[in-house]
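Spelled out, the chains give:
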Protein chains: 2
Amino acid sequence: MKKVTIHDIAKELNITFSSVARALNDHPSISAATKEAVREVAKRLNYQQNKVASALRSGRSNVIGVMVPNLGATFFNSIILGIETVMNENGYTILLYQSSESSNHETKGIDTFLQSRVDGIISSIAMGTKDLQHYYEIKKNDIPLLLFDRAVDELGVPTVRIDDYRGGFLAAEHLIKNGCKRIVHISADQNVKSFKERFKGYKDALKQYNRPLEKELIFYGKPSIELGRDCIKQLHEKKIDFDGLFAFEDYTALGVMQQLKEYNIKVPDEIRVIGFANEAFGAYISPSLSTIDQQSVKMGEEAAKLFLKLNKDHHYYDNPPEQIVLEPILIERESSHI
Amino acid sequence: MKKVTIHDIAKELNITFSSVARALNDHPSISAATKEAVREVAKRLNYQQNKVASALRSGRSNVIGVMVPNLGATFFNSIILGIETVMNENGYTILLYQSSESSNHETKGIDTFLQSRVDGIISSIAMGTKDLQHYYEIKKNDIPLLLFDRAVDELGVPTVRIDDYRGGFLAAEHLIKNGCKRIVHISADQNVKSFKERFKGYKDALKQYNRPLEKELIFYGKPSIELGRDCIKQLHEKKIDFDGLFAFEDYTALGVMQQLKEYNIKVPDEIRVIGFANEAFGAYISPSLSTIDQQSVKMGEEAAKLFLKLNKDHHYYDNPPEQIVLEPILIERESSHI
DNA sequence: ATGAAAGCGCTAACAG
DNA sequence: CTGTTAGCGCTTTCAT
């Protein structure tokens, strides 16, 4: 079945194909009668606009490239949900790419986006990315770029993230207010900005409430259940005394709770625990896990909205890059309650 | 910055743009020397192929439309992960669309896919979809269509799903083997095929082990924690005796466990519970939840692979539609163990 | 092995 | 209000 084009419609009506095109695009200088007739024939012939041709000619594709480090993470899936919802309402479609935290894949994805002539790119930078060359390439091509979560100021593009510092502060403050005197913090690789910020929030909360920062209460590792268990084992072996624990992400906090249970140490009675990220499981384990919500769906929505706002008049890069910072939300559950 | 095209490269080398095109596409009848030279200049000028033009002319876009009912569900996110991984390795990019379980949205999405001249569509049908018109439209356009999970035979297209019947059977059989005499089943809307099949598996397991099917042990409702709690409340009020429970999905099973805990009924000692879907939280609650794994990532991978295989020689619809049925996997955890 | 030429289906500037 | 015309950047057939 040969695809029907505007030429077929034109022939049917004895008008030119450009009139048809205008009618279909609801151009003001086309009579209502013609529009009506064109639409009728278009429907009858089952016409489908060829967006590829349209994109080639007009230079606009109505496609947005969305790049995430990891499609396996709830956080990024929620972001995609937010972006897709808003973008779709505004007539854009999502071209999806996963960098798998690799700079190479990321570069390939961005190449694909540029080659596909996307109208913009919304991305969260892969952990493996040191050289930002491929991101500069986007700007050089004058393609709107927006970064979320794993953002970096150096690029000078709009960003949406949450206030990790504030999240860390809230978590630590919450434990302090719940009577904790010696609060352990488990963190990770300090060149991931969010983790560093959470740590900083913790430190400043201690300072503000006149608590000392104690080296023996700080741990580092890779986000995992195992990390949490290990830390508790170490604390136990070294007989280090503590009554609160703030883990930089929920799975680590989960490991902590599991290991404490094995040692028969009661949460929250003896140790109060809080995580970060508000993973789905936290509400269902017992005791349920207090945590900091990152508003991931909202982050996606805000990213899309900011993008659309800045792109409205096609002066995306004209002003200093706007930065949206979302408030983290303290979720108080059983694990931290006195 | 004006985009560089094959014409620019041609000018630079004093050859025609068609030679450049051929060189870049590694056409056999181009000398190695020319190819080399072209590639060098292309790199130097930072040439980026315009896929839009290529797609328009060739009729192939290397884009696959992926439609899911709900981007908020872990299940579909895992499927997307599987599809993206395999498709990406094979040079395809994913155009993503969410139907939100609405037939209208779904139709709009499929229109977009067709207008974007995708090379194929991989979809899971929205719950709200009764009329399959828009899916027939895809076939009429001779665009390869593959359905996963929410598949329907009527369309006569390749499908990938898990054996829900077998899953239901495995779940019920597992409870029987763990000594359960009276097994409750919670299901839902029986016009969702998967749910009906799970129920059928349950019934046949009972039959095979010479257990009667008892109406008072069967419940229906909308997948939710509340549903699980409600059922337990009803069973409790009516003082119905039971020692096993198979919920058609994990959140319902979670509600069951929560309510049993409130009644101080011990799982698994007094009641053994199993869910379906292997949601992330199941491993972390206590007692941990036994369930049936749906192999969602694998389902996505298999969908992509089958699509690619059938599309290899561009005779996608030439043979009777291939059906892949994945085996559900019984995950034995604490909630069902004697 | 390379060149010439046509055209995919549309948008948009210009002309009337 | 409608028609004419010229491409967008590429693939591909037919010549040479």
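Residues numbered from 1 in each chain as written. Chains lettered and ligands numbered in written order. Predicted model: local features only at pLDDT ≥ 70, side-chain atom pairs only at ≥ 80, totals over all residues. Heavy atoms only, no water.

Under the annotation held in an unreviewed UniProt entry, chain A carries the name Transcriptional regulator and is attributed to Solitalea canadensis.

**Some thoughts on the protein's contact with DNA strand D**
Neighbouring residues of DNA strand D: 28 residues in total, closest Ser18, Arg22 and Arg57 of chain A together with Tyr47 and Arg57 of chain B. Backbone sugar and phosphate groups make up 56% of those atoms of DNA strand D lying within 4 Å of the protein. Between a phosphate oxygen of DNA strand D and a main-chain N or O atom of Ser31 of chain A, the distance comes to 3.2 Å. At the level of elements, helix 2 (17–24) and helix 4 (51–58) of chain A together with helix 2 (17–24) and helix 4 (51–58) of chain B are the ones that each hand at least two residues to the surface near DNA strand D. Its residues assigned to classes, the surface near DNA strand D shows 9 nonpolar, 13 polar and 6 charged. (Near = heavy atom within 4 Å. Polar contact = N/O pair within 3.5 Å; in protein donor to acceptor, adjacent residues only side chain to side chain. Helix = DSSP H or I, 4+ residues; strand = E, 2+ residues; numbered from the N terminus. Nonpolar A, V, L, I, M, F, W, Y, C, P; charged D, E, K, R; others polar.)

**Points about the relation of the copies chain A and chain B**
Once turned by 180 degrees and shifted 0.1 Å along the axis, chain A lies on chain B with an RMSD of 0.1 Å. Those values place the two copies in the arrangement expected of a two-fold rotation axis. Looking at the interface residues of chain A, 100% of them are also at the interface in chain B, so both copies use one shared face. (Least-squares fit on C-alpha atoms with pLDDT ≥ 70 in both. Contact = heavy atoms within 4.5 Å.)

**Let's talk about the interface of chain A and chain B**
Listed as interface residues are 44 residues of chain A and, on the opposing side, 44 residues of chain B. Between chain A and chain B the total buried area reaches about 4300 Å² when both faces are included, carbon and sulfur atoms providing 56% of it. Linking chain A to chain B there are 0 salt bridges. On the surface where chain A and chain B come into contact, there are 13 residue pairs in polar contact (both at pLDDT 80 or more). Looking at the side of chain A that touches chain B, the elements with two or more residues in it are helix 4, helix 5 (74–89), strand 2 (93–98), helix 6 (103–115), helix 7 (133–140) and helix 11 (250–262) of chain A. Partitioned by chemical class, the residues of the side of chain A that touches chain B number 20 nonpolar, 16 polar and 8 charged. Looking at chain direction, strand 2 of chain A and strand 2 (residues 93–98) of chain B are connected through 3 bridges and run antiparallel. Considered in strand 2 of chain B, the bridge of Leu95 of chain A is made with Leu95 of chain B. (Buried area = accessible area lost by both parts, 1.4 Å probe. Salt bridge = Lys/Arg side-chain N within 4 Å of Asp/Glu carboxyl O. Pairing = 2+ DSSP bridges.)

**Digging into the packing of aromatic side chains**
Considering all chains together, one arrives at 24 aromatic pairs over all chains under this definition. Seen from their ring centres, Phe199 of chain A and Tyr220 of chain A are 6.2 Å apart, and the 75 degrees between their planes marks the pair as edge-to-face. A residue pair is termed long-range when its members are at least 10 positions apart, and Phe199 of chain A in helix 9 (residues 193–208) and Tyr220 of chain A in strand 7 (residues 218–220) qualify at 21 residues. Considering the side-chain rings of Phe281 of chain A and Tyr284 of chain B, the 5.1 Å spacing of their centres and the 65 degrees angle between planes classify their relative orientation as edge-to-face. With Phe281 of chain A in the loop between strand 9 (272–274) and strand 10 (291–293) and Tyr284 of chain B in the loop between strand 9 (272–274) and strand 10 (291–293), this pair bridges two chains. Members of the aromatic cluster, each reached through a chain of ring pairs, are Phe75, Phe76 and Phe148 of chain A. The ring of Tyr317 of chain A carries the charged tip of Lys139 of chain A above its face, separated from the ring centre by 5.5 Å. (Phe/Tyr/Trp six-rings, centres within 6.5 Å; stacked < 30°, edge-to-face > 60°. Lys NZ or Arg CZ within 6 Å of the ring centre and 35° of its normal.)

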